[in-house]
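# Residue-level structure breakdown
The primary structure of each chain is shown beneath.
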Amino acid sequence: MQSVLITGGAGFIGQNLVHAWRAAQPADRLTIVDAMTYAANVRSLEPLIADRSIEFVKGDIGDAALMQRLFDEHKFSRVAHLAAESHVDRSISDPEAFLQTNVLGTFTLLKTALDFWRAAAMLDTARFLHVSTDEVYGSLGPADPAFTESSPYRPNSPYAASKASSDHLVRAFVATYGMPALITNCSNNYGPYQHPEKLIPLMIIHALEGKPLPVYGDGSNVRDWLHVSDHCDALMNVIERGRTGETYNVGGGNERNNRDVVGLICDTIDAAFASDTRLAARFPTCPAAAAGSCRTLITYVTDRPGHDHRYAIDATKLATELGSRCKVDFERGLKQTVQWYLDHETWWRDVTSGAYKAWIDKNYGFRRAV
Ligand code: NAD
Ligand code: DAU
């Protein structure tokens, strides 16, 4: 039985990880700390909060006093650190929060964990998993080999630079202080609970509402798509069985350019409308409601500044050392994801309208930082 801290547990991957951890290790005590930024949502965690199978704390990882109090109270032996500002476009227009949370927040959390584990003589048994991104490695050309754990760091966006900085801090804590930390660098995730600012949910929701589907540049940029459930399985494996001080790349082996991904989303929605006639009444402005194609909505727009052309992950180390391999086929995972957004219309309408944020700020009575 472990006492586990999951930071950013109300975010997209965090929520999925909380559910996966609960199912895999029901005896563990889970504490979630999340600042509840615009990207957070606790709806899926509410039943677990209500029956006390997790403890939820609204708080900032950069709040040293709060972090120390949580460590003293819960004596965490595992930390899965996911809290971050995560959206590249936001980092371009407003980079400061990225430095605050991703760099300084990570530093505060690392220092608190190190001090606590030293004092409690837990450095040999505790583990800190820093969840990071393939974006730290920069951009690949079409014929370049995929990123390995020894690829050089060449971040191109303020987001990627902030994550690279945090990775370097983790490495420095390992080398200098013997911090029992591990790093994962992962490719693009997709699946349930992803915020509608990211490519796949944005395109699904816009298509359902009959809005333009804004593809940046010429849509030739390539991402390596990984279903969030495969990512969570890998994270749980790495934190328990990975070698401390090591980095593990996590990827989906699913390289696709954005044009193809958006086209596939359109075709999947068209097929869903063809097989379920009730959808036309729910989404009358979707072209598929009148037997048209969502592809007619695809609109090429100004490119993202510094837009990385291609990411690809070589996940050999994870597979050979720890036996983690992704299981979800991309076409199947995308179809399930489209179905999830069709089945959770209230969830995304609340998020896109801001209703969820207004409600959570006003009403929700979970424990707050003091
Ligand atoms: P997300 O934006 O959906 O969630 C991030 C969560 O962190 C939110 O709930 C937010 O409220 C919380 N948070 C932000 N600032 C905080 C602070 N100062 N203190 C406490 N909580 C704070 O992000 P995600 O997509 O779930 O990503 C989670 C982690 O995985 C991030 O570290 C990200 O860099 C990394 N990652 C994401 C992907 C991806 O494709 N989504 C891929 C590789 C790595
Ligand atoms: O690679 C891992 C990273 O993946 C994570 O570290 C980040 O947290 C996560 O946000 C994601 O970053 P990307 O920038 O790759 O994801 P995003 O969904 O924003 O964009 C995916 C691709 O789609 C990218 O090439 C930009 C493009 N795009 C995105 C949006 C939102 C569009 O063409 N149109 C859009 O409207």
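In short, a report on the structure. (Residues numbered from 1 in each chain as written. Chains lettered and ligands numbered in written order. Predicted model: local features only at pLDDT ≥ 70, side-chain atom pairs only at ≥ 80, totals over all residues.)

### Re the overall build of the protein
The following threshold applies: Secondary structure elements follow DSSP: runs of H or I of four or more residues count as helices, runs of E of two or more count as strands, with numbering from the N terminus. A radius of gyration in this sense is built from C-alpha atoms; the matching globule rule multiplies 2.2 Å by the number of residues raised to 0.38. To sort residues by exposure, count the other C-beta atoms lying within 10 Å of each residue's C-beta; 20 or more gives buried, 12 or fewer gives exposed, and values between give partly exposed, all with C-beta atoms placed from the backbone. Two residues qualify as a contact pair if the distance between their C-beta atoms, derived from the backbone, is within 7 Å.
Within the protein one finds 14 helices and 13 strands. Against the compact-globule benchmark of 21 Å for 370 residues, the protein has a radius of gyration of 20 Å, which places it among compact chains. Referenced to the eigenvectors of the C-alpha coordinate spread, the extents of the protein come out at roughly 65 × 50 × 40 Å. The buried share among the 370 residues of the protein stands at 46%. Long-range contacts, defined as pairs at least 24 residues apart, comprise 82% of the intrachain contacts of the protein with a sequence gap of at least 6.

### Some details on the nonpolar core
Heads up, the condition is: Defined on buried residues, the nonpolar core groups Ala, Val, Leu, Ile, Met, Phe, Trp, Tyr and Cys residues joined through C-beta atoms within 7 Å.
Counting residues in each nonpolar core, the largest one holds 101 residues, and the members touching the most others are A80, A207 and I265. Among the elements that make up this core, the one with the highest residue count is helix α6 (residues 158-177) (7 residues). With near-sequence residues (within four places) excluded, I265 lies in contact with I200, M203, I204, A207, L334 and V338.

### Concerning the sheet that holds strand β3 (residues 54-58)
Inclusion rule: Strand pairing is assigned whenever DSSP detects at least two bridges linking the two strands. Orientation is described by lines fitted to C-alpha atoms, with helices fitted over the stretch in contact, and by angles between N-to-C directions that extend from 0 to 180 degrees.
In spatial order, the strands read β3-β2-β1-β4-β5-β6-β11; together these 7 strands make up an open sheet with parallel pairing. Two strands close off the open sheet at either side, each with one partner strand: β3 and β11 (247-250). If you compare each strand with its neighbour and ignore which way they point, the axes differ by 20° on average. As judged from the 4 bridges shared by strand β1 (residues 3-7) and strand β4 (residues 78-81), these two strands associate in the parallel manner.

### A few points about the pairing of strand β8 (residues 213-216)
The alternating pattern of β8 places L213 and V215 on a buried face, while none of P214 and Y216, on the opposite face, is buried. Bridge count between β8 and strand β13 (residues 298-301): 4 bridges; the pairing is parallel. Residue P214 lies in a different strand from β13, and its bridge partner there is T299.

### Description of the site of ligand 1
The line we're drawing: Each residue gets a C-beta atom placed from its backbone. If that atom is within 6 Å of a molecule or strand, the residue is near it. Throughout this entry, Asp, Glu, Lys and Arg are counted as charged residues, while Ala, Val, Leu, Ile, Met, Phe, Trp, Tyr, Cys and Pro are counted as nonpolar. The remaining residues, Gly among them, count as polar.
Residues in contact with ligand 1 amount to 32 residues; listed here are only the nearest, G8, G11, A40, A83 and A84. Residues of the shell around ligand 1, tallied by class, amount to 14 nonpolar, 14 polar and 4 charged.

### Some remarks on the site of ligand 2
Condition: The domain limits used here are those given by an automatic or database domain assignment.
Near ligand 2, the surroundings consist of 19 residues, among which S86, T133, K198, L199 and Y216 are the closest. When residues of the shell around ligand 2 are traced back to their parent elements, those giving at least two are α7 (199-209) and β8. Considering every element that reaches the shell around ligand 2, the biggest residue donor is β8, with 3 residues. Split into classes, the residues belonging to the shell around ligand 2 amount to 7 nonpolar, 7 polar and 5 charged. Counting contributing residues, the shell around ligand 2 receives three or more from each of domain 1 (3-188 + 226-253 + 312-328) and domain 2 (191-224 + 254-303 + 329-353).

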